[in-house]
Amino acid sequence: MDRAAILQNARSISQGNLGIPLLLLVVLAMVTLPMPTFLLDVFFTFNIALSIVVLLVCIYALRPLDFAVFPTILLAATLLRLALNVASTRVVLLNGHEGGLQQAR
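Residues numbered from 1 in each chain as written. Predicted model: local features only at pLDDT ≥ 70, side-chain atom pairs only at ≥ 80, totals over all residues. Heavy atoms only, no water.

*Asks:* Account for helix α3 (residues 37-60), naming residues and giving values.
*Replies:* Over its 24 residues, α3 extends 35 Å from the first C-alpha to the last, a length consistent with the 34 Å expected when each residue adds 1.5 Å. Summarising the contacts, the buried residues of α3 are in contact with α4 (70-95). (Helix = DSSP H or I, 4+ residues; strand = E, 2+ residues; numbered from the N terminus. Expected span 1.5 Å × (residues − 1). Contact = heavy atoms within 4.5 Å.)

This is the structure in structure tokens:
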């Protein structure tokens, strides 16, 4: 592949042609594959930040069409939150018997 083809593929992903299918694959991977706790914490932080950003954009939008992508973002955020709930439940059920971090003596 030459450089122009790679740039064209990157543009098609950024334009949303492959963004939604990739998001769905990531959500399915979060549900089916075990995740490390650090990555789970990062995703929880991202989810909280995303919700704050959506709330602020909703408050400061002057016209309804200024935030016309709201239903799509709401659906993606809900799917992300459901996947995080399943992944965190899996971590608790698999590793909950070990307890928290052990203190060094």
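*Asks:* How would you summarise α4 if you had to cite specific residues and measurements?
*Replies:* In a regular helix each residue adds 1.5 Å, so 26 residues correspond to 38 Å; α4 covers 37 Å between its end C-alpha atoms and thus fits that length. Within the sequence span of α4, burial applies to Ala 77, Leu 80, Ala 83, Leu 84, Ala 87, Ser 88 and Val 91. The secondary structure elements touched by the buried residues of α4 are α2 (19-32) and α3. (Buried < 20%, exposed > 50% of the residue type's maximum accessible area, 1.4 Å probe, protein only.)

*Asks:* So what's going on with the nonpolar core? Residues and values would help.
*Replies:* The nonpolar side chains of soluble globular proteins are, as a tendency, buried together. Grouped together as the largest cluster of nonpolar side chains are nine residues: Val 27, Met 30, Met 35, Leu 40, Leu 80, Ala 83, Leu 84, Ala 87 and Val 91. Contributing elements (two or more residues each) for this core: α2 and α4. Examining the composition of this core, we find that five residues originate from one element, α4, more than from any other. When near neighbours in sequence (up to four residues on either side) are disregarded, Met 30 contacts Met 35, Phe 43, Leu 80, Ala 83, Leu 84 and Ala 87. (Core = buried A, V, L, I, M, F, W, Y, C linked by side-chain atoms within 4.5 Å.)

*Asks:* For the layout of surface pockets, give the residues involved together with the corresponding values.
*Replies:* Reported here for the largest pocket is a volume of approximately 230 Å³. Along its surface, the largest pocket is lined by 13 residues, and Leu 23, Phe 46, Leu 50, Ala 76 and Leu 80 are the ones closest to its centre. Among the secondary structure elements, those contributing two or more residues to the lining of the largest pocket are α2, α3 and α4. In terms of residue class, the lining of the largest pocket is built from twelve nonpolar, one polar and no charged. Empty space within the second largest pocket amounts to approximately 170 Å³. For the second largest pocket, the full set of lining residues is Met 35, Pro 36, Thr 37, Val 91, Asn 95, Gly 96 and Gly 99. Partitioning the lining of the second largest pocket into residue classes produces three nonpolar, four polar and no charged. (1 Å grid on protein atoms, 1.4 Å probe; cavity = no way out; pocket = protein on both sides within 12 Å on 5 of 7 lines; lining within 4 Å. Points joined across faces, edges and corners; volume = space filled by probe spheres on them. Nonpolar A, V, L, I, M, F, W, Y, C, P; charged D, E, K, R; others polar.)

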